[in-house]
Amino acid sequence: MTANNLDRVVPQEKSGRGASLLLPFPSKNVMALPSADRREKLRILEALLFASPEPLDQAALAQHFGQGEDVAALLEELQGLYAGRGVNLVRVAGKWAFRTAEDLAFLLERQAVEQRRLSRAALETLAIIAYHQPVTRAEIEEIRGVSTSKGTLDVLLETGWIKLRARRRAPGRPVTYGTTEQFLAHFGFDSIQDLPGLAELKGAGLLDSTLPPGFSMPNPNDAPDLREDEEPLEDEPDLADEGSSADAGRDGGEPPA
């Protein structure tokens, strides 16, 4: 054995022959593993996401790293590490959070809080707001073909799935409604564009296969910027009741949600 081979000798446990193993070092598998510095960064991300009571966006996570750190690549790598586990790293509403793997959700059914089912009127109203936002109460009623009861919008506001968005520049300055991040997180959407389209709704049996000529689906848009026909909400004491108090005399077209 020459001096050049001394750093390539890896001793084994003693056997009857006292053999030793000669291997090239470092091995390719070791070189493929993340460096100690990268593993530490992945651990930091893991700890932050695990401890947070709500999903975190990339900007909030980037505050814990140096400038120029590729946090998106770290998140993608961490997501891959958790892909086959009981807990997955998922992106909802543009933010990141750990969630129970979908195929194991049945194990937690007994521990889950029982949710009150929404009425059909509330579901229809929620769908109209999601696809047509920003939309006023009068516009919702025009699309549905019936008046909207006081309780329907109140229930959706209480769940946190819709919000008072702005006021329409029109007679009466009606309030416009839009969806929230809680809506996206609850239904597992990363963005509002993930809502099912016309083909998906027809395939699921939610739309009649014989639709009228020229029928089309709106392009959902929940951008926070106000549109030309909107103006900011004012600090009014009764603003929380705006959705239910306006046009209260027209209620009665449907039972409360």
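Right above here is the structure, for reference.
What you see is a predicted model; the values in this text were computed from it and never measured. (Residues numbered from 1 in each chain as written. Predicted model: local features only at pLDDT ≥ 70, side-chain atom pairs only at ≥ 80, totals over all residues. Heavy atoms only, no water.)

Undergrad: When you look at the layout of surface pockets in this model, what are you seeing that I'm missing?
TA: To find leftover empty space, one rolls a probe the size of a water molecule over the atoms. Considered as a void within the structure, the largest pocket measures approximately 870 Å³ in volume. Residue lining of the largest pocket: 22 residues in total, with L123, E124, A127, I128 and Y131 positioned closest to the centre. Of all the secondary structure elements, the ones that give two or more residues to the lining of the largest pocket are α5 (120–132), α6 (137–144) and α8 (181–187). Tallying contributions element by element places α5 first for the lining of the largest pocket, with eight residues. (1 Å grid on protein atoms, 1.4 Å probe; cavity = no way out; pocket = protein on both sides within 12 Å on 5 of 7 lines; lining within 4 Å. Points joined across faces, edges and corners; volume = space filled by probe spheres on them. Helix = DSSP H or I, 4+ residues; strand = E, 2+ residues; numbered from the N terminus.)

Undergrad: Would you mind going over the packing of aromatic side chains with me for this structure?
TA: Working definition: an aromatic ring pair is given by the centre-to-centre distance plus the angle between the planes. Evaluation of the coordinates by the stated rule reveals five aromatic pairs. Seen from their ring centres, Y82 and F98 are 4.8 Å apart, and the 55° between their planes marks the pair as tilted. With Y82 in the loop between α4 (71–81) and β3 (87–92) and F98 in strand β4 (residues 95–100), this pair connects stretches of sequence that are 16 residues apart. With respect to burial, Y82 and F98 carry one shared label: buried. Connected via pairs of aromatic rings, a cluster forms that spans W161, F183, F187 and F189. In this arrangement the basic side chain of R85 is found over the ring face of Y82, its NZ or CZ atom lying 4.6 Å from the centre. (Phe/Tyr/Trp six-rings, centres within 6.5 Å; stacked < 30°, edge-to-face > 60°. Buried < 20%, exposed > 50% of the residue type's maximum accessible area, 1.4 Å probe, protein only. Lys NZ or Arg CZ within 6 Å of the ring centre and 35° of its normal.)

Undergrad: Explain the sheet that holds strand β7 (residues 175–179) here, please?
TA: Pairing between sheet strands relies on hydrogen bonds along the backbone, with the strands arranged either parallel or antiparallel. An order of β5-β7-β6-β8 is seen for the four strands of this open sheet, with the pairing classed as antiparallel. The strands lining the two open edges of the sheet, one partner per strand, are β5 (135–136) and β8 (230–231). In this structure, β5 lies alongside β7, joined through two bridges in antiparallel fashion. Note that in β7 the partner of V135 across the bridge is Y177. Those strands touched by helix α7 (residues 150–159) are β6 (162–168) and β7, and its axis lies near 115° from that of β6. (Pairing = 2+ DSSP bridges. Contact = heavy atoms within 4.5 Å. Axes fitted to C-alpha atoms, helices over the stretch in contact; angles between N-to-C directions.)

Undergrad: Is there a simple way to think about the pattern of salt bridges in this case?
TA: Should the charged atoms of two oppositely charged side chains come close, the side chains can pair. Applying the stated rule across the entire model yields 14 salt bridges. With its nearest N and O atoms 3.2 Å apart, the salt bridge here joins D190 to R91. Here D190, found in the loop between α8 and α9 (198–203), pairs with R91, found in strand β3; they are 99 residues apart in sequence, far enough to count as distant. Between R173 and E231 there is a salt bridge, with the nearest N and O atoms lying 2.6 Å from each other. Of the two residues, R173 sits in the loop between β6 and β7 while E231 sits in strand β8, which places them 58 residues apart along the sequence. Via salt bridges that share partners, D37, K41 and E69 belong to a single interconnected network. (Salt bridge = Lys/Arg side-chain N within 4 Å of Asp/Glu carboxyl O.)

Undergrad: Looking at this structure, how should I read the nonpolar core?
TA: I129, I162, F183 and L195 are the most contacted members of the largest nonpolar core, which totals 23 residues. For this core, the secondary structure elements donating two or more residues are α5, α7, β7 and α8. Not counting chain neighbours up to four residues away, the residues in contact with I129 comprise V135, I140, L153, I162, Y177, G178 and T179. One finds V71, L78, W96 and F98 within the second-largest nonpolar core, a separate group that totals 14 residues. (Core = buried A, V, L, I, M, F, W, Y, C linked by side-chain atoms within 4.5 Å.)

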